[in-house]
Amino acid sequence: MIRTTCPYCGVGCGVLATPDGRGGLEVKGDPDHPANRGRLCSKGAALGETVGLEDRLLAPMVEGREVDWDDALDLVAKKFSDTIRLHGPDSVAFYVSGQLLTEDYYVANKLMKGFIGSANIDTNSRLCMASSVAGHKRAFGTDTVPGLYEDLELADLIVLVGSNLAWCHPILYQRIVAARDSRPDLKIVNIDPRVTATSDLANLHLALNPGSDVALFNHLLAAIETRGAADSDFLRDHVTGYAEAVRAAQASDVAATGLAPADIESFVDLWLGTERVVTVYSQGVNQSTSGTDKVNAILNCHLATGRIGRPGMGPFSVTGQPNAMGGREVGGLANQLAAHLDLENPAHRQAVRDFWSAPAMPEAAGLKAADMFDAVHDGRIKALWIICTNPAVSMPDADRVRDAIAACAFTVVSDCTARTDTARLANVVLPATTWGEKDGTVTNSERCISRQRPALPVPGKARHDWEILAEVGRRMGWKEAFDYRNPAEIFSEHAELSGIAGGFGKDFDISGLAAQGRAAYDAMAPTHWPVSAARNGGRFFGDGRFFTDDRKARMVAVTPASPAALPFSGRPFVLNTGRIRDHWHTMTRSGKSPRLARHLAEPFVEMHPRDAVALGIAPSELVALSSDRGRVILRVLITDRVRPRQLFAPMHWTGDAASAARVNTLLATHVDPISGQPESKATPVAAERYSAAWYAFAVCRQRPAVRCDYWARIRTEGGWRVEMAGSEPVSDWSERARMIFGQTEAEVIMMTDEARGSARVALVQEGRLSGALFVAPQPISVARQHVADQLGRDPSGVLAGRPGGGAEDPGQTICSCIGVGMNTIARAVQAGQLATVDAVGAATGAGTSCGSCRSEIAGLIERFRMPQAAE
Ligand code: SF4
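These numbers come from a predicted model, not from an experiment.

1. Describing the overall build of the chain
Counting its secondary structure elements, the chain contains 28 helices and 34 strands. Taking 2.2 N^0.38 as the reference for a compact globule, 871 residues should give roughly 29 Å; the C-alpha atoms of the chain span a radius of gyration of 27 Å, in line with that estimate. Along the three orthogonal principal directions, the C-alpha set of the chain runs to about 80 × 70 × 55 Å. Counting over 871 residues, the chain shows a buried share of 65%. In the chain, 72% of the contacts between residues at least 6 apart in sequence involve partners at least 24 apart.

So this is what it looks like as structure tokens:
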């Protein structure tokens, strides 16, 4: 049994992974890890389904040909060296990832900033929490998260801003649920334009207008002043800028939020009347053209009341990725040095230069993500190395980014698979290890450093990212600087460097771990930083001392601003993008799990019923969204959880998973002027009904080869399931089925209904079902999981599309772990008049494993119990 850490979100849960002897892993939550205390969410619990070698890249490839490592590495080193010699160090760039381990990140940053001599290294964390970094630095002097997860349990009021914690940080959500169960007086406010799974927990949901958070928190700050709620002693001794911030707040108009005055005052009353307040915020705050101001508007309120750095109170930025925090520690952003030191500070630069014996150090910030891909597009960047991320899907204006990468003179991609939209564009693709094989550390949202340990052998010729980077560094001429033998040596160097930062009065100091040696590193338990002679773990700022020159925090005067792209009259809808419960980023890993695919198997857009009626869109039809950048086609999900003229669509689907669902192709690149973080929450789009001549649903054993206007494919147990639609009639569905399934020899069983224009096709090989296709002129209503479950079985009866013999269709999967569908839960609720999630669990098993679905079960109880409640 190996103790390791989950590779998904920034909660950073501990995982116990046990090899099953067949190349797989059995996975459980680590009861000793402080982040999760034994629990895992649906994604973490399904990790064992994601470690297979299907689609893995197992050898280096150059221009599509397999080559030796030596050839690949020599080529990368030569191309980068030649480009630097001819065009200077700023003609090359690295684009890295919050999925990298700290040791990988450290070597990448050292190579670029200390040896190549450019600061052109940026990370997909730019899209995640750069605004929090910038806000922290403005207020505290450093990028410091003051609190700990236990503050969530100690608080009397938790304010969740732009954060669907139930789906995006599920274990933190469950910790809050447990806290509320034990202390019903704990109040929760959810601030989010749409109703999410998290809203169901809230005492008060404030569905504010997109981007109006500054107006709301400025109103709160003005009320703090007016009602005499400021902590004058704390302000006098520890804070500057109060008067200016309050003046700006008083000039703001809270009407911009669009909230009812009574709701606003309820929020203010709660906040002012509760000493122990934690304000949790994430992407809804950060991914904005005013993200940094939003962060400072929140921090201002905590500073004005002195509610920071003490148990149960403080602002809390939760990071999206597992090692966004570790990336910040090593300086993995283009405007950072290492160890929270400042690139623009000559003394800091010299200290790092001396420590690294570096030949060249940049004196100014490099290109942030959006600017970097602009520079790739216009040819200023001529050699680009993309590591462990998929910007052709995840960057805004994704088609332009894809075209830029394709046109770059030399592109290297390091990844565990070549089957990404980005890897397909690269000249060189290098096979990297991935979760289950990697060896190093990550830091979660509460500054807890945990080991990610290998539980499986490294497959094929894959190598660790730090090894690949160090090899290239050595081949570029810096043998000694990159002469690492194992990750413990890198961590030790990183820890030693942080001691120098500590000497400059910086927060990030883990010098106490520098000399621990390899055995202690291998055995390292989860450890909160700082770890130094001066201090060990705990909260920051409880003593009122910050990391500015005068050791006082800065309140920042901020003014509300609408999202940069709004309003836009030609495109009347505002598109909000985000994540769903059971997928992660561009699905490279989560897309391998059939269990995770059951929850939401298809790209979708949430639309208000009034808008659907106005556009003539019926439930489950398709809708085309367009902007001046791109066009996508998505399944409509009609719900009043979004407000009229607002839409929500997940960002996970790639060009490999669907025909036209890369939603970031719709987004223009508007960035926060301070943090450089792009806006992802407020894009003006047009929407129209996609006029389909036919809809289809299919299951098959092999990856289906689909060509039509709309398709989306995802794994299922023993095969694939695919949704399709087209605008052109198809004359021969049996032939089309053979083509899609690649089964020209299969026996065909077909049923057609000429009057209804529908067809059902089963393909049979060796007496077993190898594929099934259902076609109709309207959205297909078959029991999808039931049909998928028939693959490989006797084909009789599959064409009914529903369980036979009186068996019931369980409906869309709600509980992925136990495999319980919505219809099953609804029937149990109605039959037993069940009133609690635990009662549903006892009756059906739903929600009794990882618990990620508990908020959805609560919603179903609400929905299906209503008739009884009215009696
Ligand atoms: Fe992984 Fe879920 Fe924990 Fe996040 S909350 S670290 S996804 S198990």
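Structure shown, so let's carry the discussion forward.
2. Structural notes on the packing of helix H3 (residues 102-116) against helix H20 (residues 487-503)
Axis separation between H3 and H20 bottoms out at 9 Å; the angle between their running directions is 65 degrees. In terms of axis orientation, H3 runs roughly perpendicular to H20. In this structure, H3 crosses over H20, and the sense of that crossing is left-handed. Between H3 and H20, the contacting residues are Thr102, Glu103, Tyr106, Val107 and Lys110 on the first element and Pro487, Ile490, Phe491, Glu493, His494 and Leu497 on the second. Its residues assigned to classes, the contact of H3 with H20 comprises six nonpolar, two polar and three charged.

3. Quick word on the confidence of the model for the chain
Here the chain shows a mean pLDDT of 94. Residues at 70 or above account for 99%. Considering only residues more than four positions removed or in separate chains, one finds that residues 867-871, a stretch of pLDDT under 50, has two contacts.

4. Some words on the packing of aromatic side chains
Across all of its chains, the model carries 21 aromatic pairs by this definition. Between Tyr95 and Phe373, the aromatic rings sit 5.0 Å apart at their centres with planes inclined by 80 degrees, giving edge-to-face as the arrangement. Taken together, the residues Tyr95 in strand S6 (residues 92-96) and Phe373 in helix H16 (residues 369-377) connect sequence positions 278 residues apart. Summarising the aromatic geometry, the rings of Phe115 and Phe482 are spaced 5.2 Å apart at their centres and angled 70 degrees between planes, so their arrangement reads as edge-to-face. On the criterion of sequence distance, the pair formed by Phe115 in helix H3 and Phe482 in the loop between helix H19 (465-475) and H20 is long-range, its members being 367 residues apart. Here the aromatic residues Phe140, Phe508, Trp529, Phe540, Phe541, Phe546 and Phe547 are joined through ring pairs into a cluster of three or more.

5. Some remarks on the site of the ligand
In the vicinity of the ligand, the contacting residues are Cys6, Tyr8, Cys9, Val11, Gly12, Cys13, Leu40, Cys41, Lys43, Gly44, Pro170 and Ile171. Counting residues per element, the ones that place at least two in the shell around the ligand are helix H1 (42-45) and helix H7 (170-182). Its residues assigned to classes, the shell around the ligand shows nine nonpolar, two polar and one charged.

6. What about the packing of helix H2 (residues 69-87) against H19?
Packed helices, taken two at a time, are described by the angle their axes make and the gap between the axes. Following both chains from N to C, one finds H2 and H19 inclined at 60 degrees, their axes separated by 9 Å at the closest point. What the angle tells us is that H2 and H19 run oblique. Where H2 crosses over H19, the two elements pack in a sense that is right-handed. Within the contact between the two elements, H2 uses Trp69, Asp70, Leu73, Asp74, Val76 and Ala77 and H19 uses Ile468, Glu471, Val472 and Arg475. Along the lines of polarity and charge, the residues of the contact of H2 with H19 split into six nonpolar, no polar and four charged.

7. Re the sheet that holds strand S2 (residues 14-19)
One open sheet accounts for three strands, arranged S1-S2-S3; its pairing is antiparallel. Unpaired on one side and paired on the other, strand S1 (2-5) and strand S3 (25-29) mark the two borders of the sheet. Recorded for the sheet is a direction-independent mean angle of 35 degrees between the axes of neighbouring strands. Pairing of S1 with S2 involves four bridges; the strand directions are antiparallel. Across the sheet, the residue bridging to Arg3 is Leu16, located in S2.

8. Some remarks on the sheet that holds strand S8 (residues 157-161)
Sheet strands line up and pair through hydrogen bonds in the backbone, either parallel or antiparallel. The strand order across the open sheet formed by five strands is S10-S9-S8-S12-S13, and the pairing between neighbours is parallel. Taken across any chain shown, the strands that pair with only one partner, and hence form the sheet edges, are strand S10 (204-206) and strand S13 (314-317). Averaged over all neighbouring strand pairs, the angle between strand axes comes to 15 degrees, with direction disregarded. Note: strand S12 (residues 277-281) against S13, four bridges, orientation parallel. Looking across to S13, one finds that Val280 is bridged to Phe316. Seen against the sheet, helix H13 (residues 291-304) touches S8, S12 and S13 and runs at an angle of roughly 170 degrees to S12.

What counts and how
- Residues numbered from 1 in each chain as written.
- Predicted model: local features only at pLDDT ≥ 70, side-chain atom pairs only at ≥ 80, totals over all residues.
- Heavy atoms only, no water.
- Helix = DSSP H or I, 4+ residues; strand = E, 2+ residues; numbered from the N terminus.
- Rg over C-alpha atoms; globule rule 2.2 N^0.38 Å.
- Buried < 20%, exposed > 50% of the residue type's maximum accessible area, 1.4 Å probe, protein only.
- Contact = heavy atoms within 4.5 Å.
- Axes fitted to C-alpha atoms, helices over the stretch in contact; angles between N-to-C directions.
- Parallel < 35°, antiparallel > 145°, perpendicular 65-115°, else oblique.
- Left-handed = near helix turned anticlockwise from the far one by under 90°.
- Nonpolar A, V, L, I, M, F, W, Y, C, P; charged D, E, K, R; others polar.
- pLDDT = per-residue confidence, 0-100.
- Phe/Tyr/Trp six-rings, centres within 6.5 Å; stacked < 30°, edge-to-face > 60°.
- Near = heavy atom within 4 Å.
- Pairing = 2+ DSSP bridges.

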